[in-house]
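Structure at a glance
So you can see what is in the structure, the chains are spelled out below.
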Amino acid sequence: MIYLKYVFNNEYNGNIESLSKEMANQHYNKDSLIIKRNNNGKPYFENEDNIFFNGSHSKDLICVGMSDSLIGLDAEFIKERKFFDIAGEYFSFKERKFLKSSKKLEIDFFTLWTLKEAYIKKFGKVIFDIKDSIEIDLDERVIYNADNLFFATFILDDSYIISLCSDMKNKDVIITTDDFNLNMLFSYPVLPQIDLSI
């Protein structure tokens with residue numbers, strides 16, 4: 001089970017850590033958890049081996065993913081960037097070639113970027129590890145070098161791209177969220193079941 005929650009700064013007086021603690025209490029009945037960080041800054045709950053989380057913030061959005069296995073999550077506000085300069089630094093040749101022919105450059109760029117960043121955040125790596133991580137083929141809808149991992153990408157309000165990466169313990173992936181404004185753009189290797197808990 002993967003839990004996904006997002007809030008906007010103007011509606012929430014907190015941060016990734018406070019939202020993560022609220023989710024642990026709501027979904028796992030765990031309160032008073034202490035958050036620590038590893039050497040690369042990846043947060044974790046101290047003395048808790050069964051609840052994992054990762055979060056991201058971009059512009060006004062705070063987003064957290066939580067699971068019973070390691071998870072990585074990235075969220076990005078869709079905006080103009082030097083897409084090809086960044087792709088030249090961090091993306092594979094095939095990914096750069098795909099972007100050059102893209103009809104929706106901003107969405108495709110941020111889909112690739114957030115999938116890669118979710119992957120490295122799952123493993124507690126740093127931004128410089130993106131280039132040597134996974135290779136994504138959005139045309140074929142496949143991710144290379146991603147054995148036993150699940151990926152999903154959503155677009156929120158046509159303004160944010162959110163991607164997550166988690167272990168795939170079985171073929172049934174369930175994502176629970178409390179909002180229906182998320183539209184799935186991509187999933188690999190299976191299509192998850194989405195449960196709304198409104």
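The preceding data block contains the structure.
How each quantity is defined
- Residues numbered from 1 in each chain as written.
- Predicted model: local features only at pLDDT ≥ 70, side-chain atom pairs only at ≥ 80, totals over all residues.
- Heavy atoms only, no water.
- Helix = DSSP H or I, 4+ residues; strand = E, 2+ residues; numbered from the N terminus.
- Rg over C-alpha atoms; globule rule 2.2 N^0.38 Å.
- Buried < 20%, exposed > 50% of the residue type's maximum accessible area, 1.4 Å probe, protein only.
- Pairing = 2+ DSSP bridges.
- Axes fitted to C-alpha atoms, helices over the stretch in contact; angles between N-to-C directions.
- Parallel < 35°, antiparallel > 145°, perpendicular 65-115°, else oblique.
- Left-handed = near helix turned anticlockwise from the far one by under 90°.
- Contact = heavy atoms within 4.5 Å.
- Nonpolar A, V, L, I, M, F, W, Y, C, P; charged D, E, K, R; others polar.
- Polar contact = N/O pair within 3.5 Å; in protein donor to acceptor, adjacent residues only side chain to side chain.
- Salt bridge = Lys/Arg side-chain N within 4 Å of Asp/Glu carboxyl O.
- Disulfide = S-S within 2.5 Å.
- Arc of directions from axis to C-beta.

**Topic: the overall build of the protein**
Of regular secondary structure, the protein possesses 4 helices and 13 strands. Radius of gyration (C-alpha) of the protein: 16 Å, near the 16 Å computed for a compact globule of 198 residues. Referenced to the eigenvectors of the C-alpha coordinate spread, the extents of the protein come out at roughly 50 × 35 × 35 Å. Across the 198 residues that make up the protein, the buried fraction comes to 51%.

**A look at the sheet that holds strand E4 (residues 52-58)**
Judged by pairing direction, the sheet is mixed, and its 5 strands sit side by side in the order E4-E5-E1-E11-E13 without closing on themselves. The outermost strands of the open sheet, each flanked by one partner alone, are E4 and strand E13 (193-196). Between one strand axis and the next, the sheet turns through 20 degrees on average, direction left out of account. Judged from the 3 bridges that link them, strand E1 (residues 2-8) and strand E11 (residues 174-177) form a sheet pairing that is parallel. Residue pairing across strands places Leu4 opposite Thr177, the latter belonging to E11.

**What to know about the packing of helix H2 (residues 83-90) against helix H4 (residues 105-122)**
Relative orientation of the contacting elements H2 and H4 amounts to 30 degrees, with a least axis distance of 11 Å. Comparing their axes, H4 and H2 come out roughly parallel. The element H2 and its partner H4 pack so that their crossing is left-handed. Contact residues: Phe83, Phe84, Ile86, Ala87 and Tyr90 in H2; Leu105, Glu106, Phe109, Phe110, Trp113 and Lys116 in H4. Of the residues that constitute the contact of H2 with H4, the class distribution is 9 nonpolar, no polar and 2 charged.

**Topic: the environment of Ser69**
Relative to the helices and strands, Ser69 is located in the loop between strand E5 (61-67) and strand E6 (71-77). Separated by 124 residues in sequence, Ser69 and Gln193 have C-alpha atoms that sit 18 Å apart. In this view, Ser69 contacts Phe52, Ser166, Asp167 and Lys169; residues no more than four positions away in its chain are not counted. Separated by 3.5 Å, the side chains of Ser69 and Ser166 make a polar contact.

**Details of the pattern of salt bridges**
Taken as a whole, this structure holds 7 salt bridges when the rule is applied. Arg37 is the salt-bridge partner of Glu17, the closest N and O atoms lying 3.3 Å from each other. With Glu17 in helix H1 (residues 16-28) and Arg37 in strand E2 (residues 35-37), the pair connects residues that are 20 residues apart, well separated along the chain. The shortest N-O distance in the salt bridge between Lys30 and Glu48 comes to 3.2 Å. You can see Lys30 sitting in the loop between H1 and E2 and its partner Glu48 sitting in the loop between strand E3 (43-45) and E4, a full 18 residues away along the chain. A residue is classified by how much of its surface remains accessible, and Lys30, at 32% relative accessible area, is partly exposed.

**As for the state of the cysteines**
What is meant by a disulfide is a covalent connection between two cysteines, made through their sulfur atoms. Evaluated as defined, the whole model comprises 0 disulfides. Looking at the unpaired Cys165, the closest cysteine sulfur is the one in Cys63, lying at 14 Å. A residue is classified by how much of its surface remains accessible, and Cys165, at 0% relative accessible area, is buried.

**Things to note about the packing of helix H3 (residues 93-100) against H4**
H4 packs onto H3 with a crossing angle of 160 degrees between their chain directions and a minimal axis gap of 9 Å. In terms of their interaxial angle, H3 and H4 are classed as roughly antiparallel. Listed contacts from H4 to Glu95, Phe98 and Leu99 of H3 are Leu105, Asp108, Phe109, Leu112 and Lys116. Within the contact of H3 with H4, the residues separate by chemical class into 5 nonpolar, no polar and 3 charged.

**As for H2**
Taken as a whole, H2 has its buried residues at Phe83, Ile86, Ala87 and Tyr90. All buried residues of H2 lie within an arc of 100 degrees about the axis, which places them on one face of the element. Away from the buried face of H2 by more than 90 degrees, exposed residues Asp85 and Glu89 are located. Residues of H2 that are buried sit in contact with H3 and H4.

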